[in-house]
Amino acid sequence: AGGARTMSHHYTHRTPTTHFGHVHRDDIEEGKELYTRKDLMHLGGHLGETKDVHGNMKEGCDSLVIGNLEREIREGDGLVWFLYSTDRSNGGGALCRSYHKKTPVRVFRSSLLGGRYAPPFLDVEDDEAEDSDVAYRYDGLYMVRAVWDAGGSETENFPIVGVDGW
């Protein structure tokens, strides 16, 4: 005799790994406050604990911490544009995906940059924690406007592993 066969499905809620646009909370204000790296993670601004590019090659980059740029490139950037160089394994693929999907990237500048556009260091007395005085400021949403290959040529192509340094 044939009986009905049932299957149970167990679905788990998967927390998104990326969130594009401004943080939904009022805890991170553009250009106003200074935050620690731990604050950025706790408040959902930048979830990369140690990496400067957060995201993945499937969805794109949702946030970027700028802590090291070449001085001649950085000093002319103001708050309008900047050139960020990286390779595929350090977020280049995620940034390239954001270029193709036209998704905005939250940008946080670090006091490690120095110069007139960098936020000041935090005034903390805890010298035991490494980089405890480094501050981050939310500078808003940016769009990836161009992608260059390892040879320095602007490209529309998505990088392929092992080709042109990717």
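Residues numbered from 1 in each chain as written. Predicted model: local features only at pLDDT ≥ 70, side-chain atom pairs only at ≥ 80, totals over all residues. Heavy atoms only, no water.

Points about the overall build of the chain
Inference 1: Along its length, the chain carries three helices and four strands.
Inference 2: Order of helices (α) and strands (β) in the chain, N terminus to C terminus: α-β-β-α-α-β-β.
Inference 3: When each of the 166 residues of the chain is scored for burial, the buried share is 36%.
Inference 4: Sequence-distant contacts, at least 24 apart, represent 65% of the contacts inside the chain between residues at least 6 apart.
Inference 5: Surface exposure of the chain reaches about 10,900 Å², of which carbon and sulfur atoms provide 49%. (Helix = DSSP H or I, 4+ residues; strand = E, 2+ residues; numbered from the N terminus. Buried < 20%, exposed > 50% of the residue type's maximum accessible area, 1.4 Å probe, protein only. Contact = heavy atoms within 4.5 Å. Areas by Shrake-Rupley, 256 points an atom, 1.4 Å probe, with all protein chains shown as cover.)

Digging into the environment of R37
Inference 1: Positionally, R37 belongs in helix α1 (residues 37-43).
Inference 2: Given the relative accessible area of 16%, R37 is considered buried.
Inference 3: Separated by 97 residues in sequence, R37 and V134 have C-alpha atoms that sit 8.0 Å apart.
Inference 4: Leave out the neighbours within four places in its chain, and R37 touches H46, G48, E49, T50, K51, D52, V65 and Y136.

Considerations on the pairing of strand β1 (residues 53-56)
Inference 1: Two elements, β1 and strand β2 (residues 60-66), share four bridges in a ladder whose sense is antiparallel. In the strand pairing of β2, H54 is matched with S63.
Inference 2: With antiparallel pairing between neighbouring strands as the criterion, β1 and β2 make up a hairpin whose turn holds three residues. (Pairing = 2+ DSSP bridges.)

Thoughts on the side chain of R109
Inference 1: Position of R109 relative to the elements: it lies in strand β3 (residues 105-110).
Inference 2: A polar contact is formed between the side chain of R109 and the side chain of D139, at a distance of 2.5 Å.
Inference 3: For R109, the side chain forms a polar contact with the side chain of Y142, separated by 3.3 Å. (Polar contact = N/O pair within 3.5 Å; in protein donor to acceptor, adjacent residues only side chain to side chain.)

Some points on unusual backbone geometry
Inference 1: At K102, a residue that is not glycine, the phi angle is positive and equals roughly 60°.
Inference 2: Note on placement: K102 falls in the loop between α3 (92-101) and β3.
Inference 3: Accessibility expressed as a relative area gives 61% for K102, which makes it exposed.

What about the sheet that holds β1?
Inference 1: Spatially, β1-β2-β3-β4 is the arrangement adopted by the four strands of the open sheet, whose pairing is mixed. Of all the strands in the sheet, just β1 and β4 (136-142) have a single pairing partner and so form its edges. Pairwise comparison of adjacent strand axes, ignoring direction, gives a mean angle of 15° for this sheet.
Inference 2: Helix-sheet contacts for α3 involve β1, β2 and β3, and the interaxial angle to β2 is about 120°. (Axes fitted to C-alpha atoms, helices over the stretch in contact; angles between N-to-C directions.)

As for the confidence of the model for the chain
Inference 1: For the chain, mean pLDDT is 78; residues scoring 70 or higher make up 74% of the total.
Inference 2: For residues 1-14, every residue scores under 50 in pLDDT, and the model assigns this stretch zero contacts once sequence neighbours within four places are set aside. (pLDDT = per-residue confidence, 0-100.)

Some details on the pattern of salt bridges
Inference 1: Going through the model one piece at a time under the given rule, you end up with four salt bridges.
Inference 2: Of the charged contacts, one joins R109 and D139 as a salt bridge, the two residues approaching to 2.5 Å between their closest N and O atoms. In this pair, R109 is assigned in strand β3 and D139 in strand β4, connecting sequence segments 30 residues apart.
Inference 3: Take R109: its relative accessible area is 1%, and that puts it in the buried class.
Inference 4: Taking relative accessible area as the criterion, D139 reaches 11% and is therefore assigned buried.
Inference 5: For R137, the salt bridge is made with D139, and the minimal N-O distance between the two is 2.6 Å. (Salt bridge = Lys/Arg side-chain N within 4 Å of Asp/Glu carboxyl O.)

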